[in-house]
Amino acid sequence: MAQRPSLISPRSDWRLDFTMVEALPEDSVIGRNFIGNAIAGLLAASACLALAWFSYDLWTAHQGIKDWDARIGNASSDLREVERLQREYLRATEQVDEIHAQMKNPIALTVLLAEIGRTLPPIVSLDMIESFEGKIVVRGTLEASSEQASRLIGNYVKGLADNPVIGPHFEEIKLSGLERFDDEDGLSFEFTMTPPTGGADA
């Protein structure tokens, strides 16, 4: 028959346990402190990765802006070059048009210039010869007293109308402008050479 519990004599290895359980370190394989530190480390690493990605994205955007600025600069220089070429093309086109118009003149331009130069009085200087609305306009100056200058240029223009090389190719050669100098002797002049009607198509 079993004895009562109170009558069981204590064994020799029995003792009271005064251990403070709360003060003992954790005896689990993965402690709560480790888990907390691991989560904090993951958060810190994520923050560092996010910062690194943001910095890389910002650097990439900055490099892209620099690249586009360089492209815009190159495009601007290319545009200026195109505009320069367009201006040169326009000038060349105008010259071709002018040459084409001169080819339709009733007299070869070289012949006209040579004959005008041959008959030009020494004190007369030509400043410009241009074709305008099918007519040839000549401008120049001469240094002489006003009366002498007027008479000289008038006789010269009349002589061009009677010139056997120039005269037959023009219906009319006349003074179209005469202006005296204010402070000295001499004047500026302009005379117009009009080809015959339909002569430009001949």
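Please refer to the structure higher up on the page.
Remember, predicted model here, so these are calculated numbers, not experimental data.

A. Structural view of the overall build of the chain. Looking only at helices and strands, one finds three helices and four strands in the chain. Put simply, the chain runs from its N terminus to its C terminus through helices and strands in the order α-α-β-β-α-β-β. Burial statistics for the chain: of 202 residues in total, 18% are counted as buried. Taking all contacts inside the chain whose residues are at least 6 apart in sequence as the whole, residues at least 24 apart take part in 55%. Counting every atom, the chain has about 15900 Å² of accessible surface; 59% of that belongs to carbon and sulfur.

B. Focus on the pairing of strand β1 (residues 124-132). In this structure, β1 lies alongside strand β2 (residues 135-142), joined through eight bridges in antiparallel fashion. Paired with E130 across the bridge in β2 is V137. What sits between β1 and β2 in their antiparallel hairpin is a turn of two residues, with E133 showing a positive phi close to 55°.

C. The arrangement of the pattern of salt bridges in detail. Within the structure shown, the criterion is met by five salt bridges. We note a salt bridge from R84 to E88, for which the minimum N-O separation is 2.4 Å. Here R84 and its partner E88 are both found in helix α1 (residues 32-103), four residues apart, which amounts to about one turn of the helix. Between E190 and R139 there is a salt bridge, with the nearest N and O atoms lying 2.6 Å from each other. Placement of E190 in strand β4 (residues 187-194) and of R139 in strand β2 is noted, with a sequence separation of 51 residues between them.

D. Examining the pairing of β2 more closely. As defined by bridge partners, β2 adjoins β4 across seven bridges and the pair is classed as antiparallel. Bridging across to β4, L142 finds its partner in L187.

E. Main features of the nonpolar core. Counting residues in each nonpolar core, the largest one holds 20 residues, and the members touching the most others are L112, I166, F170, I173, F191 and M193. Looking at this core, the elements that each hand over two or more residues are α2 (109-119), β2, α3 (146-162) and β4. No other element matches α3, which puts five residues into this core. Look past the residues within four positions of F191 in its chain and what remains in contact with it is I136, V137, V138, Y156, V157, L160, I173, K174, L175 and S176.

F. Quick look at the sheet that holds strand β3 (residues 172-180). On the basis of which strands lie adjacent, the open sheet formed by four strands has the order β1-β2-β4-β3 and antiparallel pairing. Whereas interior strands pair on both sides, the edge strands pair on one side only; in this sheet they are β1 and β3. Here the average twist between neighbouring strands, direction ignored, is 20°. Its contacts with the sheet put α3 on β1, β2, β3 and β4, and the angle it makes with β3 is roughly 165°.

G. Examining the side chain of T192 more closely. By the element assignment, T192 lies in strand β4. With a relative accessible area of 10%, T192 lands in the buried category. Beyond its immediate chain neighbours, meaning those up to four positions away, T192 contacts K135, I136, V137, E172, I173, K174 and S176.

H. Quick peek at α3. Taking 1.5 Å per residue as the helical rise, α3 with its 17 residues ought to reach 24 Å, and the 24 Å between its terminal C-alpha atoms agrees with that figure. Among the residues making up α3, those that are buried are A149, S150, I153, Y156, V157 and L160. Axial view of α3: buried residues confined to an arc of 135°, hence all on one face. Set apart from the buried face of α3 by more than 90 degrees, the exposed residues are E147, N155, K158 and D162. Packed against the buried residues of α3 are α2, β2, β3 and β4.

The rules behind these values
- Residues numbered from 1 in each chain as written.
- Predicted model: local features only at pLDDT ≥ 70, side-chain atom pairs only at ≥ 80, totals over all residues.
- Heavy atoms only, no water.
- Helix = DSSP H or I, 4+ residues; strand = E, 2+ residues; numbered from the N terminus.
- Buried < 20%, exposed > 50% of the residue type's maximum accessible area, 1.4 Å probe, protein only.
- Contact = heavy atoms within 4.5 Å.
- Areas by Shrake-Rupley, 256 points an atom, 1.4 Å probe, with all protein chains shown as cover.
- Pairing = 2+ DSSP bridges.
- Salt bridge = Lys/Arg side-chain N within 4 Å of Asp/Glu carboxyl O.
- Core = buried A, V, L, I, M, F, W, Y, C linked by side-chain atoms within 4.5 Å.
- Axes fitted to C-alpha atoms, helices over the stretch in contact; angles between N-to-C directions.
- Expected span 1.5 Å × (residues − 1).
- Arc of directions from axis to C-beta.

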